[in-house]
Amino acid sequence: MEDYQPAAPAPDRRIALLIDADNVSHSKIALILAELSKYGTANIRRAYGDWGSAGLKGWREKLHAFAIRPIQQFSYSAGKNATDIALVIDAMELLYTQKLDGFCIASSDADFTPLVMQLKANGHDVYGFGERKTPDPFVNACTTFLYLDSFDDPAAPAPAAPPTEKRKSEGKAAATGAKAKTKAEASPPKSPGKVLAQDATLVTILRGAVEAAAWDDGWASMPAAGSAAKRQASIDPRNYGVRNFPDLFEAIGLFDIYKGENGHSFVADKRNKDKAARPSR
């Protein structure tokens, strides 16, 4: 099945990466930079925070390794986040003094929503990265947004059960195996497709995308449908546990998928009773 890809980036597209170090884990910086490489080059890399605080120790070890410039910001008032204001001031200065093609805001703070909207109003793409707790206004304002906690830290070791707990679990395994199996058979786990189909916002976006990209026969090419979805909202299939838009359309179970002999795939809304049996193109 063909994969949806964003428009091929020009190697010289310049992107400013601005990191709210208080709100993003240092373990995700490699992932952020790898993702940004799909859209251009992060020529400007800055991380904001009070670098004397113990909470940023992990970030301090990453700055030189990834050529990130630390921007010191003291907390002038208790309970107030001066880091946010410093990041916003720098972003606006860069907007008017540098010839940039896009910005990346790495944070889970919705206070950056007005900044994102202003940058986009000036014709710049804005790529967002944050945790799943990030409020919807910030997520939806970005050109595209990726939930970082959907990805494991490759450097983190897999957690191991304590020896005593391991022995206990092994001792109980034989006695409870049949009982657990019966319970599992009685209550099968809900399939990912059913969960996705219950996401009214996602369903509305995908159906709207297919309708916008469909030809007269009711079918749309998969890349066109994916692009139409991206134009509606900052939707990334990986945030829903799948690799790409073809997988997302197929997993949700509300669309018909047709795979052509030439490797191209097409999608149609199952509700459309007037669609042709197969794509005409």
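Reading guide: rules and limits
The numbers attached to residues start from 1 for each chain and follow its sequence in the written order. Totals for whole chains, interfaces and linings use every residue, but because this is a predicted model, local features are given only for residues with pLDDT of at least 70 and side-chain atom pairs only at 80 or more, for both listing and counting. For the side-chain quantities, the full set of heavy atoms in the structure was used; hydrogens and water were omitted. Cavities and pockets are found on a 1 Å grid laid over the protein atoms alone: a cavity is a set of points where a 1.4 Å probe fits but cannot escape, a pocket is an open set with protein on both sides within 12 Å along at least five of seven lines, and a lining residue has an atom within 4 Å of such a point. Grid points are joined across faces, edges and corners, and a volume is the space filled by probe spheres set on the points. Secondary structure is summarised from DSSP: a helix means a run of H or I of at least four residues, a strand means a run of E of at least two, and numbering begins at the N terminus for each. When residues are grouped by polarity, Ala, Val, Leu, Ile, Met, Phe, Trp, Tyr, Cys and Pro land in nonpolar, Asp, Glu, Lys and Arg in charged, and all others, Gly among them, in polar. The definition of a nonpolar core used throughout is a set of buried Ala, Val, Leu, Ile, Met, Phe, Trp, Tyr and Cys residues joined through side-chain atoms within 4.5 Å. Categorising residues by exposure relies on relative accessible area from a 1.4 Å probe, with only protein chains included: less than 20% of the type maximum marks a residue as buried, more than 50% marks it as exposed, and the intermediate range marks it as partly exposed. Contacts are residue-level and defined by heavy atoms, with any inter-residue pair within 4.5 Å sufficient. The salt bridge criterion pairs a side-chain nitrogen of Lys or Arg with a carboxyl oxygen of Asp or Glu, the two atoms within 4 Å. Stacked, tilted and edge-to-face are the three classes applied to pairs of Phe, Tyr and Trp rings, where Trp contributes its six-membered ring and a pair requires centres within 6.5 Å; stacked means planes under 30 degrees apart, edge-to-face means over 60, and tilted covers the rest. For every residue, the pLDDT score states the predictor's confidence, bounded by 0 at the bottom and 100 at the top. For two strands to be treated as a pair, DSSP must find no fewer than two bridges joining them. Simply put, an axis is a line fit to the C-alpha atoms, just over the touching stretch for a helix, and the angle between two N-to-C directions goes from 0 to 180 degrees.

Trainee: Can you walk me through the layout of surface pockets in this structure?
Mentor: Over the atoms rolls a probe the size of a water molecule, and its path tells where empty space is left. As a volume, the second largest pocket reaches approximately 310 Å³. Put simply, the parts of the chain that give the lining of the second largest pocket at least two residues each are α5 (136–141), β6 (144–147) and α8 (200–213). A per-class count over the lining of the second largest pocket returns eight nonpolar, four polar and four charged.

Trainee: Quick question: what am I supposed to make of the nonpolar core here?
Mentor: The nonpolar side chains of soluble globular proteins are, as a tendency, buried together. Judged by nonpolar contacts, the single largest core of 24 residues is most densely connected at L18, F103 and I105. Broken down by secondary-structure element, the contributors of at least two residues to this core are β1 (14–20), β2 (41–49), α3 (82–97), β4 (102–106), α4 (113–121), α5 and β6. The greatest single-element share of this core, amounting to five residues, is contributed by α3. Ignoring sequence-local partners within four residues, the contact set of I105 consists of L18, L87, F112, L115, V116, V126, Y127, G128, F129 and F138.

Trainee: Help me understand the pattern of salt bridges in this model?
Mentor: Counted according to the given criterion, the structure contains nine salt bridges. In this structure, D269 and R207 form a salt bridge, with 3.6 Å as the shortest nitrogen-oxygen distance. Of this pair, D269 sits in strand β9 (residues 265–269) while R207 sits in helix α8, and the two are 62 residues apart along the sequence. An identical accessibility class is assigned to D269 and R207; each is buried.

Trainee: How should I be thinking about the packing of aromatic side chains in this particular structure?
Mentor: For any pair of aromatic rings, geometry is given as the distance between the ring centres together with the angle between the planes. Tallying each qualifying case throughout the model produces nine aromatic pairs. With centroids separated by 5.7 Å and ring planes inclined at 75°, the aromatic side chains of F138 and F145 adopt a geometry described as edge-to-face. For F138, a relative accessible area of 0% corresponds to the buried category. Assessed through its relative accessible area of 1%, F145 is described here as buried. Arranged with centres 5.1 Å apart and planes meeting at 90°, the rings of F249 and F255 form a pair that is edge-to-face. No difference in accessibility class separates F249 from F255, as the two residues are buried. Three or more aromatic residues link up through ring pairs in this structure, and these residues are F112, F138, F145 and Y147.

Trainee: Mind showing me how you'd approach unusual backbone geometry here?
Mentor: Residues apart from glycine generally show negative phi values, whereas peptide bonds are mostly found in trans. Of note, A67 is a non-glycine position whose phi angle comes to about 55°, a positive value. Structurally, A67 is set in the loop between α2 (57–60) and β3 (69–72).

Trainee: Looking at this model, I keep getting lost on the confidence of the model for the chain. Mind explaining?
Mentor: Caution applies to low-pLDDT regions: their predicted coordinates should not be interpreted in detail. On average, residues of the chain carry a pLDDT of 82, and 78% of them reach 70 or more. Within the chain, no element has a lower average pLDDT than helix α6 (residues 163–186), which sits at 50, and none a higher one than α4, at 97. For the stretch residues 1–7, pLDDT sits under 50, and the model shows 23 contacts to residues farther than four places along the chain or on other chains.

Trainee: How should I be thinking about the environment of R69 in this particular structure?
Mentor: Within the secondary structure, R69 sits in strand β3. The sequence separation of R69 and A47 amounts to 22 residues, and the corresponding C-alpha distance is 6.2 Å. Once residues lying within four places of it in the same chain are set aside, the contact partners of R69 are R45, R46 and A47.

Trainee: Looking at this structure, how should I read the sheet that holds strand β8 (residues 255–259)?
Mentor: Spatially, β7-β9-β8 is the arrangement adopted by the three strands of the open sheet, whose pairing is antiparallel. Pairing within the sheet leaves two strands with one partner each, and these edge strands are β7 (220–221) and β8. Where β7 meets β9, two bridges bridge the pair, whose relative direction is antiparallel. Counted as the bridge partner of S221 is F266 from β9.

Trainee: Explain the sheet that holds β6 here, please?
Mentor: Sheet strands line up and pair through hydrogen bonds in the backbone, either parallel or antiparallel. On the basis of which strands lie adjacent, the open sheet formed by six strands has the order β3-β2-β1-β4-β5-β6 and parallel pairing. The open sheet has two edge strands, β3 and β6, and neither has a second partner. Between one strand axis and the next, the sheet turns by 20° as a mean value, whatever way the strands run. Sheet analysis places β1 next to β2, joined by six bridges and oriented parallel. Note that in β2 the partner of D20 across the bridge is Y48. Where helix α1 (residues 29–36) meets the sheet, it contacts β1, β2, β4, β5 (125–130) and β6, and its direction lies at approximately 155° from that of β1.

Trainee: How do you make sense of the pairing of β8 when you look at a structure like this?
Mentor: Strand residues, when the strand is regular, have side chains that alternate between the two faces of the sheet. Looking at chain direction, β8 and β9 are connected through five bridges and run antiparallel. Residue Y258 lies in a different strand from β9, and its bridge partner there is F266. Adjacent in sequence and paired antiparallel, β8 and β9 are bridged by five residues, among which G263 carries a positive phi angle near 95°.

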